[in-house]
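# Examination of the molecular architecture
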Amino acid sequence: MKSWKDNVRAVIPYVPGEQPEGNIIKLNTNENPYPPAPAVSSVLKDFDAGRLKKYPKPLCDGLVKALSDWFSVAPENIFTGTGSDDVLAMSFLTFFNSKEKEPVLFPDVTYSFYDVWAKLFDIPYAAVPLKDDLSIDENDYIGRSNGGIVIANPNAPTALSMPLSVIEKIVKNNPGSVVIIDEAYVDFGGETALPLIEKYDNLLITRTFSKSMSLAGSRIGVAIGSKELIRFLWDVRNSFNSYTMDSITQEIGIAALSDRAYFEENIKRIISTRENFSKELTALGFSFPKSSSNFVFARHQELDSTVLFEDLKKEGIYVRHFNGDRVKDHLRITIGLESEMERLVDFLKAYIKEGRGRKNGL
Ligand code: PMP
């Protein structure tokens, strides 16, 4: 007999980083350690609750205008969503519909939501191996038939970035498919592909307010692309759920964009902390690709990363550990406050000195 279970879309979901409460050092989900711009607090303080009886603006007009000023593009070049996860999911749904079932290409080590969306939407995909040094070989994305390409630049969790010229080579050589460049971390040292938007109508850039804007809790994501691409995205959005971003969040986004000086100051502080922390990590025997992001992806020849991960947690220091074969030796450590990174370094110094967490036989 037929069971309703035969009709279920059963999926293996993405596993987000833990969100523990309390007095801990939280370096596991690449959040910004600094609060959002002061203007955001004013929005929250002054917001008239009476406005909530009405639906929010479905096309986020005010926020889109503020974003168009921020990025120096037309409002028609901008799409918004509730976090870049939402924007990326909509983009997979909109652009990756290869009639010949050609695979969407992305690196084997990258943001682990990409393959989840591909499976959810039944999109064929191929995970393209990174080089041994965890960098991307752009030639793997050229001359290979595909139904689309997604590249995080800087990549996550490796933190490595590619120059604009390399991104352009990929976009230019794939006029038959949409190339998504996920720039969630670009503000921390990557090179943006924004200058290419005018030139290539198959390029879509995604951005988030969760990292450099200190607004992970608000869920604001953005896509920037040719007017034609963006129109297709809004059409799919409005065939799915029109009122996704609430009115308070739209105001919060506008407020955050009103203070570029505050934004730049925060980025500067995080980069400076990252550079100090990187030196300390190297001195302790860790190795990691050079970070262009707000995290480092580090491993230690003699330490068992799983044991260290658990020991750090017992100490109230949360970092991220992934299980994949190529990454399980590493820990992804978000750059927090200077004082938090100092605490972590002090812990690691004592840990290594006491001979804890060593790999079997070392
Ligand atoms: N892209 C990458 C590469 C990420 O690491 C993240 C954060 N997990 C996202 C997109 C999604 O971020 P958000 O939904 O918070 O905008």
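So, a few notes on the structure that sits alongside this text.

## Digging into the sheet that holds strand 3 (residues 104-107)
- Ordered in space as 2-8-7-6-5-3-4, the seven strands form an open sheet in which the pairing is mixed. A single partner strand is all that each edge strand has here, and the edge strands are strand 2 (78-81) and strand 4 (125-128). Neighbour-to-neighbour, the strand axes of this sheet turn through a mean angle of 20°, independent of strand direction.
- Bridging between strand 3 and strand 5 (residues 148-152) involves two bridges; their strand directions are parallel.

## Some remarks on the site of the ligand
- The immediate surroundings of the ligand are formed by 13 residues, with Ser84, Asp182, Tyr185, Thr208 and Ser210 found nearest.
- Within the side chain of tyrosine 111, an N or O atom sits 3.2 Å from a nitrogen atom of the ligand.
- Between the ligand and tyrosine 185, the relevant distance is 2.6 Å, taken from an oxygen atom to a side-chain nitrogen or oxygen of the residue.
- Residue classes in the shell around the ligand are distributed as five nonpolar, four polar and four charged.

## Considerations on the pattern of salt bridges
- Inspection of every chain in the model, using the stated rule, returns 19 salt bridges.
- Measuring nitrogen to oxygen at the nearest pair gives 2.8 Å for the salt bridge that ties glutamate 31 to lysine 26.
- With relative accessibility at 25%, the residue glutamate 31 sits in the partly exposed group.
- With a shortest N-O distance of 3.4 Å, lysine 169 and glutamate 138 are connected by a salt bridge. A residue pair is termed long-range when its members are at least 10 positions apart, and lysine 169 in helix 5 (residues 164-172) and glutamate 138 in the loop between strand 4 and strand 5 qualify at 31 residues.
- Given the relative accessible area of 34%, lysine 169 is considered partly exposed.
- Since its relative accessible area comes to 17%, glutamate 138 is described here as buried.
- When salt bridges that share partners are traced, they join Glu183, Asp187 and Arg207 into one network.

## Things to note about the packing of aromatic side chains
- The tally for this structure, following the rule as stated, stands at 17 aromatic pairs.
- Judged by centre distance (5.1 Å) and plane angle (80°), the ring pair of tryptophan 70 and phenylalanine 263 falls under edge-to-face. Here phenylalanine 263 lies in helix 8 (residues 260-283) and tryptophan 70 lies in helix 2 (residues 61-71), a separation of 193 residues in the sequence.
- Overall, tryptophan 70 belongs to the buried group, its relative accessible area being 12%.

## Comments concerning the sheet that holds strand 12 (residues 331-334)
- The three strands are arranged 9-10-12 in an open sheet whose pairing can be described as antiparallel. Among the strands making up the open sheet, the edge pair consists of strand 9 (286-287) and strand 12.
- The sheet contact formed by strand 10 (residues 295-300) and strand 12 spans four bridges and is antiparallel. Directly across from valine 296, in strand 12, lies its bridge partner isoleucine 333.
- Where helix 10 (residues 338-353) meets the sheet, it contacts strand 9, strand 10 and strand 12, and its direction lies at approximately 145° from that of strand 12.

Calculation criteria
Residues numbered from 1 in each chain as written. Predicted model: local features only at pLDDT ≥ 70, side-chain atom pairs only at ≥ 80, totals over all residues. Heavy atoms only, no water. Pairing = 2+ DSSP bridges. Helix = DSSP H or I, 4+ residues; strand = E, 2+ residues; numbered from the N terminus. Axes fitted to C-alpha atoms, helices over the stretch in contact; angles between N-to-C directions. Near = heavy atom within 4 Å. Polar contact = N/O pair within 3.5 Å; in protein donor to acceptor, adjacent residues only side chain to side chain. Nonpolar A, V, L, I, M, F, W, Y, C, P; charged D, E, K, R; others polar. Salt bridge = Lys/Arg side-chain N within 4 Å of Asp/Glu carboxyl O. Buried < 20%, exposed > 50% of the residue type's maximum accessible area, 1.4 Å probe, protein only. Phe/Tyr/Trp six-rings, centres within 6.5 Å; stacked < 30°, edge-to-face > 60°. Contact = heavy atoms within 4.5 Å.

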